[in-house]
Amino acid sequence: NRMPKEKKRRVHSRNANKLGKHQGFELKKTYGQHLLKNPLIVQTIVDKASIRASDVVLEIGPGTGNLTLKLLDVCKKVIAVEYDPRMVVELQKRIQGLETSHKLNLIHSDFLKVETPKFDVCVANIPYQISSPLLMKLLAHRLHFRYAVIMFQREFAMRLVAKPGDELYCRLSINTQLLAKVDHLLAEAVHIATVEGAVGALEKSSRPILSPPAPVGKNNFRPPPKVDSSVVRIEPKNPQPQINFLEWDGLVRLCFQRKHKMLRAIFKQKSVLKLLEANTATVNALVNADPSSVLLREENADMLIEEREVTTSVRAEAEQDNDATMEMDESSRTIKDKVMAVLEKTGFAETRAAKMGIADFLTLLLAFNEADIHFS
């Protein structure tokens, strides 16, 4: 009777591991815990991060330390921020007795709530549900860092690097690329030789091309997530663009609500015209009262990455607009004329946000502001 029981226990243990059990405790889905278990991928990430011996590295969500231990070998110091107390204990046990243990500063806290420490490079396999606010916090960090190397959910990563015209190009794409250079880290050059018989092989030499970004398969994690992942390198622009970030995000958010719709159609909506009229009145009042108050708003990059839409009331009103028959008062007619004049002057009246790049939106924002039309 013992043998079947032993076998049954082994099967149960194996199934439990698939469900996310790790060394006596269960990994929590609410924390988004998916430990990167493939040592080859861990080492590749560290190698491609090009960390210097003098670097202070920030790691968010170190878990049990698979990545942490590799980082400790190549840098001056690792600041690891971990929310789960069980993981804190596991990592403390794992580094005991190591020669590099003195390099680790382990902080038990929620990264989104703790003050961001000074660091040179960020390397992390993060919980995917905090991707947007985490990225927002890093890019809003006022102490300059060289770059971040982060594992994201694959679709999120593809949105970060998407270009105008791509299916996944969105507000997240353009806001991130406004503040940083973003690249897939695991996309590598591959040499392809074109062979067309013996003569063709001699005449045509191998040429390097870029392969599609390599996904990190779900089976490289424990427990496996539902989707593949990608590693992205984010290098903040230095200096940052000198624009009013809230104005920028107000324009971009408005245009990307219907990214395949012509700008002329978007800006003719009654709800949009009312919003612009109210914003412009508020900005003018602030400037008249205290000119520095508007400049202070430029220091807030909080809204750039956050996937937020306009209020439900404005959105519902936009759906009910009938541009052919809508009645507007004199002030609304004035703002509409000004808006349409800007669109015609810049040549963007029949352009769609899905096809517009950073330079296009900067040109449009400048033209709107020169016409005393504001978006925040």
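Shown above is the structure to which this text applies.
Just so we're clear, the structure is a prediction, and the values are computed from it rather than from any experiment.

Caption draft 1: Inspection of the packing of helix H9 (residues 245-256) against helix H15 (residues 358-370) at higher detail. Two elements in contact, H9 and H15, have axes separated by 10 Å at closest approach and are oriented at 110°. In terms of orientation, H9 and H15 fall into the roughly perpendicular class. Seen from above, H9 lies across H15 with right-handed handedness. Two secondary-structure elements touch here, H9 through Glu247, Trp248, Leu251, Val252, Cys255 and Phe256 and H15 through Ile358, Phe361, Leu362, Leu364, Leu365, Phe368 and Asn369. Broken down by class, the residue content of the contact of H9 with H15 amounts to 11 nonpolar, one polar and one charged.

Caption draft 2: Spotlight on the pattern of salt bridges. Under the criterion given, the structure shown has eight salt bridges. With a shortest N-O distance of 2.9 Å, Arg86 and Asp84 are connected by a salt bridge. Under the relative-accessibility criterion, Asp84 is labelled buried at 1%. Of the charged contacts in the structure, one is a salt bridge between Asp249 and Arg171, with a shortest N-O distance of 2.9 Å. Of this pair, Asp249 sits in helix H9 while Arg171 sits in helix H7 (residues 171-179); the two residues are 78 residues apart in sequence, bridging distant segments of the chain. Judged by relative accessible area, which is 0%, Asp249 ranks as buried. Ionic contacts of the salt-bridge type, sharing partners, join the residues Arg171, Asp249 and Arg253 into one network.

Caption draft 3: Spotlight on H9. Over its 12 residues, H9 extends 16 Å from the first C-alpha to the last, a length consistent with the 16 Å expected when each residue adds 1.5 Å. Burial runs high along H9: 12 of the 12 residues are buried. Regarding H9, the residues found buried are Phe245, Leu246, Glu247, Trp248, Asp249, Gly250, Leu251, Val252, Arg253, Leu254, Cys255 and Phe256. Of the residues that open H9, the one with a side-chain oxygen 3.1 Å from the backbone nitrogen of Leu246 is Asn244.

Caption draft 4: Examining the environment of Thr116 more closely. With respect to the helices and strands, Thr116 occurs in the loop between strand S6 (104-108) and strand S7 (121-125). Taking the C-alpha atoms as reference, Thr116 lies 8.2 Å from Leu138; in sequence the two are 22 residues apart. Setting aside residues up to four positions removed in sequence, Thr116 forms contacts with Phe111, Lys137 and His141.

Caption draft 5: Expanded view of the sheet that holds S6. In space, the seven strands of this open sheet follow the order S6-S5-S4-S7-S8-S13-S9, with mixed pairing throughout. Edge positions in the sheet fall to S6 and strand S9 (180-184), since each has one partner strand and no second. Neighbour-to-neighbour, the strand axes of this sheet turn through a mean angle of 20°, independent of strand direction. Examined bridge by bridge, strand S8 (residues 147-153) and strand S13 (residues 229-236) share six bridges and lie antiparallel to one another. In the strand pairing of S13, Ala148 is matched with Ile234. Together, S9 and S13 form the strand contacts of H7, whose direction differs from that of S9 by roughly 115°.

Caption draft 6: Representation of the packing of aromatic side chains in the model. For the structure shown, the criterion picks out eight aromatic pairs. Between Trp248 and Phe361, the aromatic rings sit 6.1 Å apart at their centres with planes inclined by 70°, giving edge-to-face as the arrangement. Within this pair, whereas Trp248 is found in helix H9, its partner Phe361 is found in helix H15, the two being separated by 113 residues in sequence. Accessibility classification places Trp248 together with Phe361 in one group, the buried group. Between Phe267 and Phe368, the aromatic rings sit 5.4 Å apart at their centres with planes inclined by 35°, giving tilted as the arrangement. Highlighted residues: Phe267 in helix H10 (residues 263-267) and Phe368 in helix H15, separated in sequence by 101 residues. Summarising the burial analysis for this pair, Phe267 and Phe368 share the class buried. By way of ring pairs, the aromatic residues Tyr169, Trp248, Phe256 and Phe361 are connected into one cluster. Cation over ring: Arg233 sits above Tyr147, and NZ or CZ is 4.0 Å from the ring centre.

Reading the values: the criteria
- Residues numbered from 1 in each chain as written.
- Predicted model: local features only at pLDDT ≥ 70, side-chain atom pairs only at ≥ 80, totals over all residues.
- Heavy atoms only, no water.
- Axes fitted to C-alpha atoms, helices over the stretch in contact; angles between N-to-C directions.
- Helix = DSSP H or I, 4+ residues; strand = E, 2+ residues; numbered from the N terminus.
- Parallel < 35°, antiparallel > 145°, perpendicular 65-115°, else oblique.
- Left-handed = near helix turned anticlockwise from the far one by under 90°.
- Contact = heavy atoms within 4.5 Å.
- Nonpolar A, V, L, I, M, F, W, Y, C, P; charged D, E, K, R; others polar.
- Salt bridge = Lys/Arg side-chain N within 4 Å of Asp/Glu carboxyl O.
- Buried < 20%, exposed > 50% of the residue type's maximum accessible area, 1.4 Å probe, protein only.
- Expected span 1.5 Å × (residues − 1).
- Polar contact = N/O pair within 3.5 Å; in protein donor to acceptor, adjacent residues only side chain to side chain.
- Pairing = 2+ DSSP bridges.
- Phe/Tyr/Trp six-rings, centres within 6.5 Å; stacked < 30°, edge-to-face > 60°.
- Lys NZ or Arg CZ within 6 Å of the ring centre and 35° of its normal.

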